[in-house]
Amino acid sequence: MGFFRQVFVIAVKDLRAEIRTKEAINASFAFALVILLLFSFAFDPSAETTREISGGLLWIVFAFAGALVLNRSFARELPNDCLDALIAAPISGAALFLGKALANFLLVSAVELVSLPVFGIFYNVRWTSQFWELMLVLALGTWALTVIGTIFSALTVNIRLREVMLPMLTYPILVPALLGAMQLTTDLVAGRPIGPDTAAWLKMLIGFDVVYTAVSLVLVETVLVG
Amino acid sequence: MREKILYVLGIVALAILAWNINAIARLPQEAQQGVTFKIIFFHVPVAITALTAAAVALLGSVLFLVTKNFKYDALAVAVTEVGLAFLAANLVTGSIWGREIWGVWWAWDARLTSALVCWLLYAGYLMLRRAIEEPTQRATFAAVFSIFAFIDVPIVIFSIKWWQNLQHPRPVFWAGGSFPPDWTRHFLWNMAAMLLLGIVMVAVRLRQEEAQREIDSLRRMAHVL
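Residues numbered from 1 in each chain as written. Chains lettered and ligands numbered in written order. Predicted model: local features only at pLDDT ≥ 70, side-chain atom pairs only at ≥ 80, totals over all residues.

## Re the overall build of chain B
The number of helices and strands found in chain B is six helices and zero strands. Overall, chain B shows an N-to-C arrangement of helices and strands of α-α-α-α-α-α. The principal-axis extents of the C-alpha atoms in chain B amount to approximately 70 × 45 × 25 Å. Buried residues in chain B amount to 32% of all 225 residues. In chain B, the share of contacts with a sequence separation of at least 24, taken over all contacts with a separation of at least 6, comes to 79%. (Helix = DSSP H or I, 4+ residues; strand = E, 2+ residues; numbered from the N terminus. Buried ≥ 20, exposed ≤ 12 C-beta atoms within 10 Å, placed from the backbone. Contact = placed C-beta atoms within 7 Å.)

Laid out in structure tokens, this is it:
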């Protein structure tokens, strides 16, 4: 089996398990709704100012809801010692990591794509004017979230306080990515396309994704096997 | 013997600090900021010591992953803990200065924000260590996280610079500012004292780690018997 075929098999396995139980995605989406509801108490949800903070608001929802999906990613393999079997399987740690990251990416994206219209309806924001650029930023930001979340999910799977440690470790590392995604999303939701002064954020986001994907692929074997 | 040398070095560092603080207190006041300016004699040396600690922590973590020698893991944790304390001192002195000069304890300025993010990153490192029982796993995971954190630091600094323009004063030494020569001398003495203090603290912490490992292995042996 080639490397990409292995990645594909792992991703499909994870997605199939998730679609059958729906344990993470339901919780994640419900959590996203709750946060969106809570934000409406924090400020006047119909005001024009909502548009100016939309990026920050959306990415806080995505990061918090995404953590629920990412927490389950490796924890799901603990019963019946599935994780040991996966590590012993004749595939590289990199393939296992990439497959899981891909599955998480799709799941978190699904939660985001459902949350976006709900956000638009609740807060009376027309967010579709720069649709494709917004999708690009969403994909890059979500990949940053999932690549860091997946490697740290592997790191924290066996330790005490797993659910607490994952957000504690991921959010500080994600500061640059979330900051860039928030700035870009605010502009795009307000209808301003990516211009020369915001292009730096896009480059930073791409750089963050590339650097951390590479570092994770190098270090994942150490994390899984020791 | 080693302990005695450590104590002597620690006393030397504190003596230099005490003598130097006395000398700094007698320096004339700075033209614009008055006596508040003198916090720079502490604020900058602790920052440089903290940065050095972060670099050594990366070195220790990489060396541990390569050699699997627990000596390097002990170095990484000792240096991170001490560096975190120095970074906290940096944040606190900066905050005091800001209250006097800006009128606020905190501003979301690039340098302040990135220093805070660094502090949170390395605090996460220590929390991760506390959550793992098994020594080999603890050392490996902590080393991996330390590498992730160190790579993050420059990205954080650049991204936050784009986000907020600088409110923090430019460093005196790089931006054409100048110190009178005897001020530079006192600054360098403080720098040396802080670094020495950091080294002594790391060495003491290393002793504790060694003792801890010895206790652990004895306990395991007792279990076997």
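## Topic: the overall build of chain A
Of regular secondary structure, chain A possesses nine helices and zero strands. From first element to last, N terminus to C terminus, chain A shows the α and β order α-α-α-α-α-α-α-α-α. Projecting the C-alpha coordinates of chain A onto the three principal axes gives extents of approximately 55 × 35 × 30 Å. Taking contacts inside chain A between residues at least 6 apart in sequence as the whole, the part at least 24 apart equals 87%.

## A closer look at the interface of chain B and chain A
The extent of an interface is frequently quoted as the accessible surface area lost upon association of the parts. Each partner contributes to the interface: chain B provides 25 residues, whereas chain A provides 22 residues. Considering every element that reaches the side of chain B that touches chain A, the biggest residue donor is helix H5 (residues 135-163) of chain B, with 16 residues. Class assignment of the residues belonging to the side of chain B that touches chain A gives a composition of 19 nonpolar, five polar and one charged. (Nonpolar A, V, L, I, M, F, W, Y, C, P; charged D, E, K, R; others polar.)

## Some points on the nonpolar core
With 124 residues, the main nonpolar core has Ala144(A) and Phe145(B) as its most contacted residues. Considering each element in turn, this core owes the most residues, 14 residues, to helix H8 (residues 162-189) of chain A. Leave out the neighbours within four places in its chain, and Ala144(A) touches Leu174(A), Ala177(A), Leu205(A), Phe208(A), Asp209(A) and Tyr212(A). (Core = buried A, V, L, I, M, F, W, Y, C linked by C-beta atoms within 7 Å.)

## Some remarks on the packing of H8(A) against H5(B)
Running from N to C, H8(A) and H5(B) point in directions that differ by 30 degrees, and their axes come no closer than 9 Å. Judged by the inter-axis angle, H8(A) sits roughly parallel to H5(B). Between H8(A) and H5(B) lies a crossing of left-handed hand. Counted together, Leu169(A), Ile173(A), Val175(A), Pro176(A), Leu179(A) and Gly180(A) of H8(A) and Phe145(B), Phe148(B), Ala149(B), Asp152(B), Ile155(B), Val156(B), Ser159(B) and Trp163(B) of H5(B) form the full contact between these two elements. Residues of the contact of H8(A) with H5(B), tallied by class, amount to 11 nonpolar, two polar and one charged. (Axes fitted to C-alpha atoms, helices over the stretch in contact; angles between N-to-C directions. Parallel < 35°, antiparallel > 145°, perpendicular 65-115°, else oblique. Left-handed = near helix turned anticlockwise from the far one by under 90°.)

## Concerning unusual backbone geometry
The phi dihedral of Asn124(A) falls on the positive side, at around 55 degrees, and the residue is not glycine. By the secondary structure assignment, Asn124(A) is in the loop between helix H6 (93-122) and helix H7 (131-156). The partly exposed category is assigned to Asn124(A), around which 13 C-beta atoms lie within 10 Å. Positive phi outside glycine occurs at Lys68(B), with the angle close to 60 degrees. Tracing the chain through its elements places Lys68(B) in the loop between helix H2 (40-67) and helix H3 (70-101). Residue Lys68(B) is classed as partly exposed on the basis of its 13 C-beta neighbours within 10 Å.

## Concerning the environment of Leu169(A)
Structurally, Leu169(A) can be placed in helix H8. For the pair Leu169(A) and Pro79(A), spaced 90 residues apart in sequence, the C-alpha separation works out to 24 Å. Leaving out residues up to four positions away in the same chain, Leu169(A) has contacts with Phe152(A), Gly124(B), Leu128(B) and Phe145(B).

## Remarks on the packing of helix H4 (residues 54-75) of chain A against H8(A)
Any two packed helices are characterised by the angle at which their axes cross and by the distance between the axes. Residue and element names in this part refer to chain A. Interaxial distance between H4 and H8 falls to 8 Å at its minimum, and their mutual angle equals 145 degrees. For the pair H4 and H8, the crossing hand works out as right-handed. Grouping the amino acids of the contact of H4 with H8 by side-chain chemistry returns 15 nonpolar, seven polar and two charged.

## A few points about helix H6 (residues 181-224) of chain B
Residue and element names in this part refer to chain B. Relative to the 64 Å expected for 44 residues at 1.5 Å per residue, H6 spans 64 Å between its end C-alpha atoms, a close match to the ideal helical length. By the burial criterion, the buried members of H6 are His186, Phe187, Asn190, Ala193, Met194, Leu197, Gly198, Val200, Met201 and Val202. Residues of H6 that are buried sit in contact with helix H1 (2-26), H2 and H3. (Expected span 1.5 Å × (residues − 1).)

## Topic: H8(A)
Residues and elements named next belong to chain A. With 28 residues, H8 extends only 35 Å from end C-alpha to end C-alpha; this falls clearly short of the ideal 40 Å at 1.5 Å per step. By the largest-angle criterion, valine 175 marks the main kink of H8, which is about 60 degrees, and a proline, proline 176, follows within four residues. Across the 28 residues that make up H8, a large majority, 23, are buried. Immediately downstream of H8, the backbone of glycine 191 shows phi near 95 degrees, a positive value. (Bend = angle between axes of the 7 residues up to and from the residue.)

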